[in-house]
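Inside the fold
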Amino acid sequence: HGLGEVVGVFRDGRLVSAGGVYGYSGRYGMIASVATVPVWRNEGYAGRIVRYLCDRVLLAGRTPVLVCGEERLTKFYAGLGFQLWGRWASLKQFN
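Residues numbered from 1 in each chain as written. Predicted model: local features only at pLDDT ≥ 70, side-chain atom pairs only at ≥ 80, totals over all residues. Heavy atoms only, no water.

What follows is about the layout of surface pockets. Computed from the structure, the largest pocket encloses a volume of approximately 690 Å³. Surrounding the largest pocket, 22 residues form its lining, Leu-66, Val-67, Cys-68, Leu-84 and Gly-86 being those nearest its centre. The dominant element in the lining of the largest pocket, judged by the number of residues it contributes, is strand 4 (residues 63-66), at four residues. Tallied by class, residues from the lining of the largest pocket come to 13 nonpolar, six polar and three charged. (1 Å grid on protein atoms, 1.4 Å probe; cavity = no way out; pocket = protein on both sides within 12 Å on 5 of 7 lines; lining within 4 Å. Points joined across faces, edges and corners; volume = space filled by probe spheres on them. Helix = DSSP H or I, 4+ residues; strand = E, 2+ residues; numbered from the N terminus. Nonpolar A, V, L, I, M, F, W, Y, C, P; charged D, E, K, R; others polar.)

In structure tokens, the structure reads:
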């Protein structure tokens, strides 16, 4: 597998939900940027995308990990089988 894969759900020719695996590193495949247009939420699209991406990572022989920047979504991802693993920090300004 290459560096990544992005998938989406389309309704009436418009992208309404998307997410991707943005890198494979060692034992892991990193799922991130899962998003759904607000009016299309609660239709199960994000869950289907995450499950599909997990299958892809597992087929590559790696463990799915997920980047979630919003505390309010931790229950949603827990319902898909993810558990909080830690916190990351990002560079705010490079000197």
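Having seen the structure, we can now continue with the description.
Summed over all chains, the structure comprises two aromatic pairs. Measuring from centroid to centroid gives 5.0 Å for Phe-76 and Tyr-77, while their planes differ by 70°, and the two rings are edge-to-face. Residue classification places Phe-76 among the partly exposed residues on the basis of a relative accessible area of 35%. A relative accessible area of 6% places Tyr-77 in the buried class. Taken together, a centroid distance of 6.4 Å and an interplanar angle of 85° make the contact between Tyr-77 and Phe-82 edge-to-face. Across the pair, Phe-82 and Tyr-77 agree in class, each one buried. Among the aromatic residues, those joined into a ring-pair cluster are Phe-76, Tyr-77 and Phe-82. (Phe/Tyr/Trp six-rings, centres within 6.5 Å; stacked < 30°, edge-to-face > 60°. Buried < 20%, exposed > 50% of the residue type's maximum accessible area, 1.4 Å probe, protein only.)

Any functional reading would require information beyond the geometric quantities listed.
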